[in-house]
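Geometric and topological summary
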Amino acid sequence: MNRIFLKLASVQRRSFLKILLPVAIIVAWEVLAIVLNNQFILPSLQSVFAVLLNPTADILGNGNLVDNAIISLERVIAGFLVAAVIAIPLGIWMGRSEIVHELFDSVMQLLRPIPPLAWVPLALAWFKIGLVSMVFIIGMGAFFPILLNTLDGVKGVKKTWIETAEILGAKEHQILSRVILPGAAPTIWTGLRVGFGIAWMCVVAAEMMPGTNSGLGYLIMSSYNWGQVPVIIAGMIVIGIIGVGFDYLFKMVDRRLFAWRELER
Amino acid sequence: MEGARAMTLNVDHLAKQFSKNGQETVESLIDINLEVKDEEFVCILGPSGCGKTTLLRIVAGLEHPTSGTVKIDTTLIDRPNQKLGMIFQDYSLYPWRTVNENIAFGLELHDVPKEKRDSIVKKYITLAGLSEFGNSYPHELSGGMRQRVAVVRALAVEPTVLLMDEPFGALDAQTRNMLQNELLDIWQKTKKTILFVTHSVDEAVFLADRIVVLTPRPGRVCEIIHIDQVRPRDRTSVEFAKVRRHVLDLINQKCSLQ
């Protein structure tokens, strides 16, 4: 009985700790907003919530929060998919062939530290303003986490798993589809999760490029030009919530499908 | 059945060298000659690093010898062959597949139709004594159970020869003894030829028709010992102790000298 109480108490304490800081921030925010009394620097909570609670209301003729979020999501999914479609096969190929790995390695190492945003000017020069440029930048952000995790996953497939398949008479394509892919899948999935997170950060930045006229990033920039700080903050909160939501989805799938990774001794 | 025809596994003047740092060559195996007959149980016994696992991997077609050949009857083995099954020490089960799916793996590779697959899986999971665990995942099983699954997975595609690389090395003594008994049972039921690598004298004396004792690196065949005691052998009997003593003496004296 006592133990149950202790356990309950510890669960309560943990959830208490989790909400402690957000509550403190909100209180401090409201106090500071009243003290400063300058809504271009720190608008009141109410004004931010007013925007958040009316997500279908048009904002400065730029469309509403929901529509802009959907536009941003479509872009991020497009860039993310393009990156995944290139990075996963390339990663598998590099993981399977030492020659291919050596061949691509130096270029990969060189390109990897370049932040996706540094590609903005080149993207504009090559693809002009528009969807292609954005997909390119988002794809650049998602590409390397997916590639490197795929490579890692493939290299991490146990040698005896492959040899067992060979002994049992597997052909090369069967080894690939029935041993390498399922064996590397949990790590590839981690790459997709990280890649999606970065892609989501990139879309917002990409939408701040000149000439864009929709999406959450654009909404934020445009609101800045109009001095609408509550909209800026509301937009940031939406970006954060969507990011957390997708990360959670990825984690849920991971726990469902790839539980064996943790449980395998 | 085609398995009725007697088969011989022949290892002929086999040698293996490794190159170390791309320069120095290290001799791993020197002039190994061995003939394993149909339905025979042969143990390869030797200290760690004597190349016994390398020998088994070459027989399996997973590695290539520097010189010499491995043949089943007249067929040269230079790559994995349907007639040879292999069992690894780490079980090598696919953790994302259930026990049933693991046993069915080899059958799937050969496009055996679902119904036939199911009946074969059922037969072999029963042989392994794991019928209730068909839908369990490997991580839910003990080490001994996992190795049972690995054994019947190899058997499901009906190889004639079973190659086993210290299969019980990672198990506790009790489980190990139990699995040795079960293996003999399966061997007698399925009439396979078994080539079994171990460093345990006790295990070799308990299991084998013949023990091939290798020298420390580089591995050569030091002595081949025939054991004709009836099975099941009594580990506590005087005869058993005698053979074990003989093998131990060989290992400590004649076979430890280069």
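Thresholds applied
Residues numbered from 1 in each chain as written. Chains lettered and ligands numbered in written order. Predicted model: local features only at pLDDT ≥ 70, side-chain atom pairs only at ≥ 80, totals over all residues. Helix = DSSP H or I, 4+ residues; strand = E, 2+ residues; numbered from the N terminus. Rg over C-alpha atoms; globule rule 2.2 N^0.38 Å. Buried ≥ 20, exposed ≤ 12 C-beta atoms within 10 Å, placed from the backbone. Contact = placed C-beta atoms within 7 Å. Pairing = 2+ DSSP bridges. Expected span 1.5 Å × (residues − 1). Bend = angle between axes of the 7 residues up to and from the residue. Axes fitted to C-alpha atoms, helices over the stretch in contact; angles between N-to-C directions. Parallel < 35°, antiparallel > 145°, perpendicular 65-115°, else oblique. Nonpolar A, V, L, I, M, F, W, Y, C, P; charged D, E, K, R; others polar. Left-handed = near helix turned anticlockwise from the far one by under 90°. pLDDT = per-residue confidence, 0-100.

Bringing the overall build of chain B into the picture now. In terms of helices and strands, chain B carries 7 helices and 10 strands. A compact globule built from 258 residues would reach a C-alpha radius of gyration of about 18 Å, and chain B, at 19 Å, matches this within 12%. Seen along its three principal axes, the alpha-carbon backbone of chain B occupies a region of about 55 × 45 × 40 Å. Counting across all 258 residues of chain B, residues that qualify as buried make up 43%.

Glancing now at the overall build of chain A. What chain A contains, in helices and strands, is 11 helices and 0 strands. The linear arrangement of helices and strands in chain A, starting from the amino end, is α-α-α-α-α-α-α-α-α-α-α. The C-alpha radius of gyration of chain A comes to 23 Å, more than 25% above the 18 Å expected for a compact globule of 265 residues. Each of the three principal axes of chain A carries a C-alpha extent, and together these read 75 × 70 × 30 Å. The burial tally for chain A puts 34% of its 265 residues in the buried class. Counting contacts in chain A only where the partners sit at least 6 residues apart, residues at least 24 apart contribute 71% of the total.

Taken residue by residue, a regular strand's side chains alternate between the two faces of the sheet. All names here are of chain B. For strand E8 (residues 193–198), the buried fraction is high: 6 of the 6 residues fall into the buried class. Of the two faces of E8, the one lined by Thr193, Leu195 and Val197 and the one lined by Ile194, Phe196 and Thr198 are each fully buried. Relative to E8, strand E3 (residues 41–45) runs parallel, the two sharing 5 bridges. By the bridge assignment for E8, phenylalanine 41 is matched with isoleucine 194. One ladder, built from 5 bridges, connects strand E7 (residues 161–165) with E8; its direction is parallel. Note that in E8 the partner of aspartate 165 across the bridge is valine 197.

Our next topic: helix H6 (residues 131–155) of chain A. All names here are of chain A. With 25 residues, H6 should reach 36 Å at 1.5 Å per residue; the first-to-last C-alpha distance of 35 Å fits that figure. By the largest-angle criterion, phenylalanine 143 marks the main kink of H6, which is about 30°, and a proline, proline 145, follows within four residues. In terms of burial, H6 is largely enclosed, as 20 of its 25 residues are buried.

Attention now moves to the sheet that holds strand E1 (residues 8–20) of chain B. Residues and elements named next belong to chain B. If you trace the 4 strands from one edge of the open sheet to the other, you get E2-E1-E4-E5, paired in antiparallel fashion. A single partner strand is all that each edge strand has here, and the edge strands are strand E2 (24–37) and strand E5 (75–76). The pairing of E1 with strand E4 (residues 67–72) spans 5 bridges and is classified as antiparallel. Bridging from a neighbouring strand, asparagine 10 pairs with lysine 71 of E4.

Hydrogen bonds along the backbone pair up the strands of a sheet, which may run parallel or antiparallel. Residue and element names in this part refer to chain B. Taken together, 6 strands build an open sheet; the order of strands is E6-E7-E8-E3-E9-E10 and the sheet is mixed. If you trace the sheet from one side to the other, it starts and ends with strand E6 (84–87) and strand E10 (221–226), each paired once. Each neighbouring strand pair of the sheet contributes to a mean axis angle of 15°, computed without reference to strand direction.

It is worth spelling out the packing of helix H3 (residues 65–96) of chain A against helix H9 (residues 216–225) of chain A at this point. Residues and elements named next belong to chain A. The contact between H3 and H9 brings their axes to 7 Å, and the two run at 130°. Looking at the two axes, H3 sits oblique to H9. Only Leu216, Gly217 and Leu219 of H9 make contact with H3, whose side of the interface consists of Asn68, Ala69 and Ser72.

Take the interface of chain B and chain A next. Many analyses report the size of an interface as the accessible area lost when the parts associate. Each side of the interface is counted separately: chain B has 20 residues, and chain A has 16 residues. Put simply, the parts of the chain that give the side of chain B that touches chain A at least two residues each are E6 and helix H2 (99–109) of chain B. Split by residue class, the side of chain B that touches chain A holds 13 nonpolar, 6 polar and 1 charged.

For the rest of this paragraph, the subject is H2(B). All names here are of chain B. Counting buried residues along H2, 8 of its 11 residues qualify, which places the element largely inside the surrounding structure. Within the sequence span of H2, burial applies to Val99, Asn100, Asn102, Ile103, Ala104, Phe105, Gly106 and Leu107. Contact partners of the buried residues in H2: helix H3 (114–127) and helix H4 (143–156). Remark: aspartate 111 follows H2 within two positions and exhibits a positive phi of approximately 55°.

Turning our eyes to something else, we now look at the packing of helix H2 (residues 45–52) of chain A against helix H10 (residues 229–257) of chain A. Two measures define how a pair of helices packs: the angle their axes make with one another and the distance between the axes. Residue and element names in this part refer to chain A. Running from N to C, H2 and H10 cross one another at 60°; their axes reach a closest spacing of 8 Å. Put simply, H2 runs oblique to H10. H2 and H10 meet at a crossing whose hand is right-handed. Taken together, the residues of H10 that come into contact with H2 (itself represented by Ser47, Val48, Val51 and Leu52) are Pro230, Val231, Ile233, Ala234 and Ile237. Residue composition of the contact of H2 with H10, by class: 8 nonpolar, 1 polar and no charged.

With that settled, the discussion passes to the environment of Gly235(A). Residue and element names in this part refer to chain A. Here glycine 235 is to be found in helix H10. Of the residues examined, glycine 235 has 30 C-beta atoms within 10 Å and is grouped as buried. With 33 residues separating them in the primary sequence, glycine 235 and cysteine 202 have C-alpha atoms 15 Å apart. With near-sequence residues (within four places) excluded, glycine 235 lies in contact with Leu216, Leu219, Ile220 and Ser223.

Low-pLDDT portions of the prediction should not be read for the details of their coordinates. With 97% of its residues at a pLDDT of 70 or more, chain B has an overall mean of 92. For this predicted complex, the interface score ipTM comes out at 0.92, alongside a pTM of 0.87.

Residue and element names in this part refer to chain B. Between arginine 217 and the following residue, proline 218, the backbone shows a cis peptide bond with an omega angle of -5°. Its location among the elements puts proline 218 in the loop between strand E9 (210–214) and E10. Looking along the chain, the bond that leaves arginine 231 and enters proline 232 is cis, with omega of 0°. When you line up the elements, proline 232 lands in the loop between E10 and helix H7 (238–252). With a phi angle near 45°, histidine 13 is a residue other than glycine that sits in the positive phi range. Tracing the chain through its elements places histidine 13 in strand E1.

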